[in-house]
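Architecture at a glance
Spelled out from the first residue to the last, the chains are:
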Number of protein chains: 2
Amino acid sequence: MAAGAVKAQAPEPLTLERFGSFHVGGREVVVSGQPVREVLFTPGGVPARVDPNGTYLMGSMYAQYFVPRPLRGSAPLLMWHGGGLTGVTWETTPDGREGWQHYFLRRGWHVVVSDAVERGRAGWSQIPEQTGGQALTLTVDNPFERFRIGNGQGSYQRGDLLPGNQFPADRESYMNFMRQVVPRFTTTDALTLESYIALLERTGPSVVMVHSQAGQFGWRAAQARPDLVRALVLIEPAAVGDPARVEALRNVPVLMVYGDYIAQDARWPTIRGNGVRFAEAVRAAGGSVDVVDLPERGIRGNSHMIMMDRNSDEVAKLVQDWLAARGLWR
Amino acid sequence: MAAGAVKAQAPEPLTLERFGSFHVGGREVVVSGQPVREVLFTPGGVPARVDPNGTYLMGSMYAQYFVPRPLRGSAPLLMWHGGGLTGVTWETTPDGREGWQHYFLRRGWHVVVSDAVERGRAGWSQIPEQTGGQALTLTVDNPFERFRIGNGQGSYQRGDLLPGNQFPADRESYMNFMRQVVPRFTTTDALTLESYIALLERTGPSVVMVHSQAGQFGWRAAQARPDLVRALVLIEPAAVGDPARVEALRNVPVLMVYGDYIAQDARWPTIRGNGVRFAEAVRAAGGSVDVVDLPERGIRGNSHMIMMDRNSDEVAKLVQDWLAARGLWR
């Protein structure tokens with residue numbers, strides 16, 4: 001058995017200088033004038049009267065940090081998940097390997113994995129007056145077909161994987177991934193950005209790594225507080241920043257990473273095209289943005305969930321090398 | 001400065017043999033015949049059409065495990081949170097000290113902190129046909145007055161703490177605690193128990209430590225699978241098990257811990273009374289249940305959130321000593 005395979009079976013112990021969790025952000029909201037509701041606490045029981053009026057705390061977010069020994073990263077490495085998901089994205093992969101949280105911890109990064117506003121341990125709000133939208137959950141076939149795992153619409157039912165796909169799509173692993181899916185609120189972007197900025201204020205200057213929906217939060221947080229973002233790593237960002245403020249990104253080095261199967265996808269050519277155009281605007285304003293299409297580097301088969309794909313360590317190494325080349329790791 | 005205070009400032013590094021996370025449990029649910037909805041993804045934008053029909057995965061739960069080196073606990077130590085909260089209960093305290101997760105890890109326990117069905121990283125369901133109930137969120141004054149921090153109704157507004165109370169109730173710490181509060185579903189008990197049993201099947205025989213609402217899940221999981229519960233530690237359990245099946249608990253040693261201010265509270269004399277009566281029934285069936293009222297041991301000022309109180313380490317030591325005395329730690 002190869003040394004690499006042995007290592008995957010029994011990884012080395014990890015020494016933590018410290019670890020823990022905290023919440024940041026949020027605001028107090030007063031609800032008044034609402035009718036008292038009847039609530040059923042136990043099926044078949046007697047409804048209880050609940051008064052929904054009062055002061056609530058909403059819009060905060062959750063973060064868990066790990067500081068390894070020895071510490072080699074020059075700043076905390078913040079990992080921000082995508083829509084309909086939580087920080088679990090960065091933890092153990094759906095087929096049970098170590099995730100990017102572990103990969104970067106083992107290389108000496110202080111890693112902070114968070115749950116964005118309205119998702120996971122951030123909690124979510126009962127106050128429609130504030131969030132104004134609805135929450136959507138994905139059906140089991142949706143990510144399979146939309147995250148470039150299966151070969152387009154109907155592929156989940158057909159069991160039709162994209163050829164060479166690296167996502168662990170055996171039934172057990174795929175269902176482990178679906179268990180990570182949480183409802184997605186549609187109109188909480190402003191609250192989410194606000195709490196991400198509060199997170200940066202708490203951690204201090206950091207490297208920010210984002211996935212998918214968090215593309216917009218990474219770009220916009222860096223535009224709002226470029227002093228707090230040492231570098232921005234965007235894994236298949238689904239949205240861009242504020243086009244009117246690209247000059248704010250002049251001094252923030254940026255890496256964008258895209259996976260495989262994009263040209264043949266219904267949506268991703270447009271999403272990638274928007275991202276690349278935004279990158280060009282940042283460059284024109286004096287910024288530095290590297291765009292990596294993995295297949296052009298000979299790294300093939302990556303779905304939208306690159307950090308979970310079977311070759312996740314190979315892509316993590318590409319990111320790690322990029323950060324080291326920018327002097328952010330010693 | 002005392003040695004203890006120095007230690008609190010700069011705790012020793014911790015070596016982990018491994019750590020990671022996973023989801024367990026859940027079921028596929030088919031939704032059909034529902035109308036297509038209009039959903040607003042961006043405020044001021046154009047509503048999109050969303051078809052809610054399809055197959056969903058619901059009712060799973062999340063767990064994060066840490067295996068320290070050296071390992072001294074004889075079984076995994078599972079920590080189950082109370083209603084309206086998540087696994088964060090057991091992590092860092094609201095005033096930033098190490099929580100019980102750290103306390104037991106540092107003593108060599110393999111610790112598993114989880115988020116129950118419909119809370120935190122377990123996600124929650126969009127499918128009212130399945131959950132059948134409503135979700136409630138607590139106002140900021142509610143836990144202050146109900147968890148024996150403040151002196152009864154109106155005490156939050158009055159800033160009226162119970163005398164000698166150990167909960168870190170300065171405004172910053174209390175708001176950190178409120179940020180941990182998540183909506184509570186009222187009719188998901190069966191799903192929750194089902195996934196806790198799936199968790200035990202995954203971890204194998206374990207020590208189960210529960211808080212508050214999880215009292216019922218700890219008792220009932222032990223009744224369903226006594227072969228998988230090496231011991232049961234109930235921190236202020238809010239509910240009991242199945243009175244018709246007390247004999248299933250014959251071989252599961254049980255510790256129940258209650259804090260201070262119970263006699264003068266509106267609800268806790270009844271809740272504790274129910275717990276103690278259930279304990280007597282378990283003993284009558286041949287089981288072993290120890291009931292500890294902390295004030296009787298000279299440990300005073302504990303709220304309902306004992307694992308967050310300023311003397312949390314003192315109570316953790318009492319639990320640790322009990323587990324060691326039962327041969328579960330070496």
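Residues numbered from 1 in each chain as written. Chains lettered and ligands numbered in written order. Predicted model: local features only at pLDDT ≥ 70, side-chain atom pairs only at ≥ 80, totals over all residues. Heavy atoms only, no water.

Quick word on the overall build of chain A
Here is the rule: Secondary structure elements are defined from DSSP: runs of H or I of at least 4 residues count as helices, runs of E of at least 2 residues count as strands, and each element is numbered from the N terminus. Within these notes, the globule rule equals 2.2 Å times the number of residues to the 0.38 power, and the radius of gyration is based on C-alpha atoms. Type-normalised accessible area, obtained with a 1.4 Å probe on protein chains alone, sets the label of each residue: buried when under 20%, exposed when over 50%, and partly exposed for intermediate values. To be clear on the numbers: accessible area is Shrake-Rupley with a 1.4 Å probe, and residue cover counts the displayed protein chains and nothing else. Positive residues here are Lys and Arg, negative ones are Asp and Glu, while His and the chain termini are left out of the count. Here the site of a charge means NZ on Lys, CZ on Arg, CG on Asp, or CD on Glu.
Along the backbone of chain A there are ten helices and twelve strands. Its C-alpha atoms give chain A a radius of gyration of 21 Å, near enough to 20 Å, the size a compact globule of 330 residues would have. Taken along the three principal axes of its C-alpha coordinates, chain A extends 65 × 50 × 45 Å. Among the 330 residues that make up chain A, the fraction classed as buried is 59%. Carbon and sulfur atoms make up 49% of the accessible area of chain A, which totals about 12,500 Å². Put simply, chain A has 34 plus and 33 minus side-chain charges, and the middle of one group is 4 Å from the middle of the other.

So, the relation of the copies chain B and chain A
Cut-off, in case you're wondering: The least-squares superposition of copies is restricted to C-alpha atoms, and to residues with a pLDDT of at least 70 in both copies. Any two residues having at least one pair of non-hydrogen atoms within 4.5 Å are treated as being in contact.
Overlaying chain B on chain A yields an RMSD of 0.0 Å, the required transformation being a rotation through 180° with an accompanying axial translation of 0.0 Å. Here the copies are linked by what is in effect a two-fold axis. Comparing interface residues between copies, 100% of those in chain B also sit at the interface in chain A, which points to an isologous, same-surface contact.

Structural notes on the packing of aromatic side chains
Under the convention used in this document: Pairs were defined over the aromatic rings of Phe, Tyr and Trp, the Trp ring being its six-membered one, requiring ring centres within 6.5 Å. Orientation was assigned from the angle between planes: stacked under 30 degrees, edge-to-face over 60, tilted for the rest. In this scheme, the term charge over a ring applies when either NZ of a lysine or CZ of an arginine sits within 6 Å of the ring centre and within 35 degrees of the ring normal.
Per the stated rule, a full pass over the model turns up 38 aromatic pairs over all chains. Ring geometry for A:Trp90 versus A:Trp100: centroids 6.1 Å apart, planes at 35°, classification tilted. In this pair, A:Trp90 sits in the loop between strand S5 (77–80) and helix H2 (100–106) while A:Trp100 sits in helix H2, placing the two residues ten residues apart along the sequence. When its relative accessible area of 0% is taken as the criterion, A:Trp90 is described as buried. A residue is classified by how much of its surface remains accessible, and A:Trp100, at 0% relative accessible area, is buried. Judged by centre distance (5.4 Å) and plane angle (75°), the rings of B:Phe144 and B:Tyr156 are edge-to-face. Separated by twelve residues along the polypeptide, B:Phe144 in helix H4 (residues 141–146) and B:Tyr156 in helix H5 (residues 155–158) bring together distant segments of the chain. With respect to burial, B:Phe144 and B:Tyr156 carry one shared label: buried. Taken together, the aromatic side chains of A:Phe144, A:Phe147, A:Tyr156, A:Phe167, A:Tyr174 and A:Phe177 make up a single cluster linked through ring pairs. Lying across the ring of A:Tyr103, A:Arg107 places its NZ or CZ 3.5 Å from the centre.

Some points on the interface of chain B and chain A
Going by this rule: Defined in terms of a 1.4 Å probe, buried area is the accessible area two parts forfeit on being brought together, summed over both. Every case where a carboxyl oxygen of Asp or Glu lies within 4 Å of a side-chain nitrogen of Lys or Arg is listed as a salt bridge. Polar contact is defined as a pair of N or O atoms within 3.5 Å, subject to the rule that within protein one atom must be able to donate a hydrogen and the other to accept it, and that residues adjacent in sequence are counted only when both atoms are side-chain atoms. All amino acids are sorted into three groups, where Ala, Val, Leu, Ile, Met, Phe, Trp, Tyr, Cys and Pro are nonpolar, Asp, Glu, Lys and Arg are charged, and the leftover types, Gly among them, are polar. The rule for pairing is simple: two strands pair if DSSP sees at least two bridges between them.
Facing the 66 residues of chain B at the interface are 66 residues of chain A. Summing the contributions of chain B and of chain A, the shared interface buries around 5,600 Å²; its carbon and sulfur component is 56%. The interface formed by chain B and chain A includes six salt bridges. Between A:Glu28 and B:Arg171 there is a salt bridge whose closest N-O contact spans 2.4 Å. Applying the counting criterion to the chain B and chain A interface returns 24 residue pairs in polar contact (both at pLDDT 80 or more). For the side of chain B that touches chain A, the secondary structure elements donating two or more residues are strand S1 (14–31), strand S2 (37–39), strand S4 (54–68), helix H2 (100–106), strand S6 (111–115), strand S7 (135–136) and helix H6 (171–179) of chain B. Examining the composition of the side of chain B that touches chain A, we find that eleven residues originate from one element, S1(B), more than from any other. Broken down by class, the residue content of the side of chain B that touches chain A amounts to 29 nonpolar, 26 polar and eleven charged. Pairing of strand S1 (residues 14–31) of chain A with S1(B), which is carried by three bridges, proceeds in the antiparallel orientation. Residue A:Leu14 lies in a different strand from S1(B), and its bridge partner there is B:Leu16.

Some thoughts on the environment of B:Pro68
Mapped onto the fold, B:Pro68 is located in strand S4. The sequence separation of B:Pro68 and B:Trp100 amounts to 32 residues, and the corresponding C-alpha distance is 14 Å.

Here's the deal with the pairing of strand S9 (residues 206–211) of chain B
All names here are of chain B. Along S9, six of the six residues are buried, which leaves the element largely enclosed by surrounding structure. Across the two faces of S9 the burial is the same, with Ser206, Val208 and Val210 and Val207, Met209 and His211 all buried. In the sheet, S9 pairs with strand S10 (residues 229–235) via six bridges, with the strands oriented parallel. Residue pairing in the sheet places Val208 in a bridge with Leu232 of S10.

A short note on the pattern of salt bridges
Inspection of every chain in the model, using the stated rule, returns 28 salt bridges over all chains. One network of salt bridges, with partners in common, ties together A:Glu91, A:Asp115 and B:Arg121.

What to know about the confidence of the model for chain A
Close inspection of predicted coordinates is inappropriate in any region flagged by low pLDDT. Residue and element names in this part refer to chain A. Defined as follows: You can read pLDDT as the predictor saying how much it trusts each residue, on a scale of 0 to 100.
Looking at chain A, the pLDDT average stands at 92 and 93% of residues meet or exceed 70. For chain A, helix H1 (residues 3–9) is the element with the lowest average pLDDT, namely 44, and S5 is the one with the highest, namely 99. Every residue in residues 1–8 scores below 50 in pLDDT, and together they form one contact with partners more than four places removed in sequence or on other chains.

Some thoughts on the pairing of strand S4 (residues 54–68) of chain A
Residues and elements named next belong to chain A. Counted residue by residue, S4 has 13 buried out of 15 residues, so it is predominantly covered. Where S4 lies against strand S6 (residues 111–115), five bridges are found, and the strand directions are antiparallel. Bridging from a neighbouring strand, Phe66 pairs with Val111 of S6.

Brief notes about the environment of A:Val257
Residues and elements named next belong to chain A. Relative to the assigned elements, Val257 resides in strand S11 (residues 254–258). Given a relative accessible area of 0%, Val257 falls into the buried group. Taking the C-alpha atoms as reference points, Val257 and Gln153, separated by 104 residues in sequence, lie 25 Å from one another. Leaving out residues up to four positions away in the same chain, Val257 has contacts with Leu234, Ile235, Glu236, Pro237, Val292, Leu294, Ile306 and Val315.

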